[in-house]
Amino acid sequence: MRTLNRVGALSAVAAAALLCAPSAAQATAPGDNGTVKIHDATTGEELRRNEPHVCEFYLDAFGFDAVQQVSWHIEAWAPTAAVKGETVKSGAITLDGEGHGRTDDMTLPDGHYKLFWNFQGEKGSAKHKVFWTDCEDEEPGGGSSASPSATPSASASEPAASPSTPAEGAPSSPSSSPSAAGGAEGDLAETGNGAPVGLLSAAAAALLGAGGYLVFRRRRA
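Not measured: the values here are computed from a predicted model.

## What about the confidence of the model for the protein?
Taken residue by residue, the protein gives an average pLDDT of 71. The fraction at 70 or more is 50%. Every residue in residues 17–29 scores below 50 in pLDDT, and together they form 1 contact with partners more than four places removed in sequence or on other chains. For residues 140–195, every residue scores under 50 in pLDDT, and the model assigns this stretch 2 contacts once sequence neighbours within four places are set aside.

## A word on the state of the cysteines
This model, assessed by the stated rule, comprises 1 disulfide. Linked covalently through their sulfurs, Cys55 and Cys135 form a disulfide whose S-S length is 1.9 Å. Taking the sign of the S-S torsion, about 110° here, the bridge from Cys55 to Cys135 comes out right-handed. Of the two residues, Cys55 sits in the loop between β2 (53–54) and β3 (57–62) while Cys135 sits in the loop between β8 (127–133) and α2 (142–169), which places them 80 residues apart along the sequence. Of the residues examined, Cys55 reaches a relative accessible area of 26% and is grouped as partly exposed.

## Here we look at the packing of aromatic side chains
Here the distance between the centres and the angle between the planes together describe a pair of aromatic rings. The tally for this structure, following the rule as stated, stands at 5 aromatic pairs. Ring plane angle 55° and centroid distance 5.2 Å describe the contact between Phe57 and Phe131, whose orientation is recorded as tilted. Here Phe131 lies in strand β8 and Phe57 lies in strand β3, a separation of 74 residues in the sequence. What makes Phe57 buried here is its relative accessible area of 0%. The exposure class of Phe131 is buried, given its relative accessible area of 0%. Taken together, the aromatic side chains of Phe57, Tyr113 and Phe131 make up a single cluster linked through ring pairs. We note Lys84 situated over the ring of Trp77; from NZ or CZ to the ring centre the distance is 4.6 Å. Positioned above the aromatic ring of Tyr58, the side-chain terminus of Arg102 is 3.6 Å from the ring centre.

## A short note on the nonpolar core
Within the largest apolar cluster, 20 residues are counted, with the highest numbers of intra-cluster contacts made by Phe57, Leu59, Trp72, Ile74, Leu115, Trp117 and Phe131. Put simply, the parts of the chain that give this core at least two residues each are β1 (35–40), β3, β4 (69–76) and β7 (111–119). Every residue in contact with Ile74, bar those within four places of it in the chain, is listed here: Phe57, Glu86, Thr87, Val88, Lys89, Met106, Leu108, Tyr113, Lys114, Leu115 and Phe131.

## Focus on the environment of Phe119
Tracing the backbone through its elements, the reader meets Phe119 in strand β7. Between the alpha carbons of Phe119 and Trp72 there is a distance of 8.4 Å; along the sequence they are 47 residues apart.

## A look at the sheet that holds β3
Taken together, 3 strands build an open sheet; the order of strands is β1-β3-β6 and the sheet is antiparallel. A single partner strand is all that each edge strand has here, and the edge strands are β1 and β6 (101–102). Both β1 and β3 contribute to a ladder of 6 bridges, which runs antiparallel. Bridging across to β3, Ile38 finds its partner in Leu59.

## Remarks on the pattern of salt bridges
Scanning the model with the defined rule gives 3 salt bridges in all. Notably, a salt bridge pairs Arg102 with Glu45, separated by 3.6 Å at the nearest N-O pair. A residue pair is termed long-range when its members are at least 10 positions apart, and Arg102 in strand β6 and Glu45 in the loop between β1 and β2 qualify at 57 residues. Asp105 is the salt-bridge partner of Arg102, the closest N and O atoms lying 2.6 Å from each other. One connected set of salt bridges, linked through shared partners, spans Glu45, Arg102 and Asp105.

## A closer look at the pairing of β3
Burial analysis of β3 places 6 of its 6 residues in the buried class, which makes it a mostly covered element. Alternating residues of β3 divide into Phe57, Leu59 and Ala61 and Tyr58, Asp60 and Phe62, and every residue in both groups is buried. Bridge count for β3 against β6 is 2 bridges, and the pairing is antiparallel. Following the sheet pairing, Ala61 is matched in β6 by Gly101.

Reading the values: rules and limits
Residues numbered from 1 in each chain as written. Predicted model: local features only at pLDDT ≥ 70, side-chain atom pairs only at ≥ 80, totals over all residues. Heavy atoms only, no water. pLDDT = per-residue confidence, 0-100. Contact = heavy atoms within 4.5 Å. Disulfide = S-S within 2.5 Å. Helix = DSSP H or I, 4+ residues; strand = E, 2+ residues; numbered from the N terminus. Buried < 20%, exposed > 50% of the residue type's maximum accessible area, 1.4 Å probe, protein only. Phe/Tyr/Trp six-rings, centres within 6.5 Å; stacked < 30°, edge-to-face > 60°. Lys NZ or Arg CZ within 6 Å of the ring centre and 35° of its normal. Core = buried A, V, L, I, M, F, W, Y, C linked by side-chain atoms within 4.5 Å. Pairing = 2+ DSSP bridges. Salt bridge = Lys/Arg side-chain N within 4 Å of Asp/Glu carboxyl O.

Below is the structure:
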């Protein structure tokens, strides 16, 4: 009886193992255990993040099987697609021994797109990512370049006018006024002081003569 019970238990365990084997094999099946990201061209390959808004970009894959063969394509997507589902870019890549790989940098016109990532051993639909491209135009405007050219011309004309104004009237007025004043003062000194000096000397001589005469008469008397 004990032998029969042991045989029955072993049979049940073997049956359970056989039933669980297909599901475990499917869970660890190669090929469908990786992920793909949209990366900006300036983002390093080691960062495993998705960037859904880019300008120049590349496709970065992680965690796939070694030397995995991958084919991919990008379709125009609503709401910006003129024809939804139209393939706008495609390519193929072989991943390295660690299941990692990246495409070259690429660009697309501004709009909405969807990536489809196909490989051998995938289960169900292809891996996919939806993203936007938006490259801003950073060219400078033409108005700014015209304004600097006008300012130097105006500033250059101002210094030319300022030196000319003091050169015209400043030196002439001081040179003429001292000469006229000096001539007038010299003439007045000569004509105005000569006559009083002669009169005073004649009056003094007359007084001396009169005094001498009176002294002489007094002594004789």
